[in-house]
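# Examining the three-dimensional arrangement
As a plain string of letters, each chain reads:
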Amino acid sequence: MLKKQMEIYISKALRENKVELFKEEKEYAERHHLIKDFTIVEKENISRFTDAYIERCNKENEELISEESAAFLSQPLEYLKINKSEFLYFESSWFELIGVETLSLEVDDVFGTYNALFGLKFQKKMGNVLKAYLNNELQGGIGTYSLMFNQDDGLWDVNFSLNSVEGFKEEMSLGDALSLIYHFLFILVETIEEDML
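In what follows, the accompanying structure is described. In this text the structure is predicted, and so the values were computed from the model without any measurement.

### Quick word on the packing of aromatic side chains
Following the criterion strictly, the structure yields 14 aromatic pairs and no others. Ring geometry for Phe-49 against Phe-95: centres 5.4 Å apart, planes inclined by 20 degrees, an arrangement best described as stacked. Of this pair, Phe-49 sits in the loop between strand E2 (40–42) and strand E3 (53–58) while Phe-95 sits in helix H4 (residues 93–97), and the two are 46 residues apart along the sequence. Where Phe-149 meets Trp-156, the ring centres are 5.2 Å apart and the plane angle is 70 degrees; that geometry is what we call edge-to-face. One aromatic cluster in this structure is built from Tyr-28, Phe-49, Phe-95, Tyr-182 and Phe-186. Geometry around Trp-94 places Arg-48 over its ring, the cationic atom sitting 5.0 Å from the centre.

Quick look at the structure:
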């Protein structure tokens, strides 16, 4: 899935005579020999989510509080601790590229951890690989994630503690937190894809 999505993205970019990729995608393209007779420009990570659709929502009733621009991502991650009654909802073409649907970020009311919740487009049979990756990569042990296959949507419903991801710092901005989540999930999707071969 990821390889096919990357091939489509690169081929589209080639038609525009400009292939710009972020670090994760560039390294992936190099590892999988997707770069032929053209040069790739590595983009700065800070610009990855400039096109993101962002909502602030009420946790209790899921009502929209407001839509936000990409400038909102410069807010500190701690914004979520200060506003515990809210969660943030994100959509981005970059998350779509790796098969992630409707990412939400919030603070857990009980444990006070920052949690990422999303749907992941993988078949049910990939559950063992998914669990193995989360067990190996999350640094908090038991209770750092929950995972359930949703038969209705054909998606894995995933919830994990951002605090347990290597590189997490509570002082980071919301944009940096999204980039950390994206990096973590990009490697997850690549790992699952390689296991399918």
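Here the narrative resumes.
### Observations concerning helix H1 (residues 2–15)
Given 3.6 residues to a turn, an α-helix orients residues that are three or four positions apart in the same direction. Over its 14 residues, H1 runs 20 Å from end to end, which matches the ideal 20 Å to within 8%, given 1.5 Å per residue. The complete set of buried residues in H1 reads Leu-2, Met-6, Ile-10 and Ala-13. Looking straight down H1, one finds its buried side chains confined to an arc of 65 degrees; they lie on one side. Away from its buried face by more than 90 degrees, H1 exposes Lys-4 and Arg-15. Elements that come into contact with the buried residues of H1 comprise strand E1 (19–21), helix H2 (23–31), H4 and helix H6 (174–196). A positive phi of about 60 degrees marks Asn-17, the residue just after H1.

### Concerning the pattern of salt bridges
Applying the stated criterion across every chain yields a total of ten salt bridges. A salt bridge links Lys-121 to Glu-101, with the nearest nitrogen and oxygen atoms 3.5 Å apart. Of the two residues, Lys-121 is situated in the loop between strand E7 (114–120) and helix H5 (127–137) and Glu-101 in strand E6 (residues 100–107); the sequence distance between them amounts to 20 residues. Since its relative accessible area comes to 37%, Lys-121 is described here as partly exposed. Connected via shared salt-bridge partners are Glu-24, Glu-25 and Arg-48.

### Overview of the sheet that holds strand E5 (residues 86–91)
Spatial strand order, E4-E3-E5-E6-E7-E9-E8: seven strands in an open sheet with antiparallel pairing. Two strands close off the open sheet at either side, each with one partner strand: strand E4 (64–68) and strand E8 (145–150). Each adjacent strand pair in this sheet contributes to an overall mean axis angle of 15 degrees, direction not counted. Two strands pair when backbone bridges link them, and E7 and strand E9 (residues 155–161) are joined in this way by six bridges, in the antiparallel orientation. Paired with Gly-119 across the strands is Asp-157, a residue of E9. Lying over the sheet, H5 contacts E7, E8 and E9, oriented at roughly 165 degrees with respect to E8.

About the criteria used
- Residues numbered from 1 in each chain as written.
- Predicted model: local features only at pLDDT ≥ 70, side-chain atom pairs only at ≥ 80, totals over all residues.
- Heavy atoms only, no water.
- Phe/Tyr/Trp six-rings, centres within 6.5 Å; stacked < 30°, edge-to-face > 60°.
- Helix = DSSP H or I, 4+ residues; strand = E, 2+ residues; numbered from the N terminus.
- Lys NZ or Arg CZ within 6 Å of the ring centre and 35° of its normal.
- Expected span 1.5 Å × (residues − 1).
- Buried < 20%, exposed > 50% of the residue type's maximum accessible area, 1.4 Å probe, protein only.
- Arc of directions from axis to C-beta.
- Contact = heavy atoms within 4.5 Å.
- Salt bridge = Lys/Arg side-chain N within 4 Å of Asp/Glu carboxyl O.
- Pairing = 2+ DSSP bridges.
- Axes fitted to C-alpha atoms, helices over the stretch in contact; angles between N-to-C directions.

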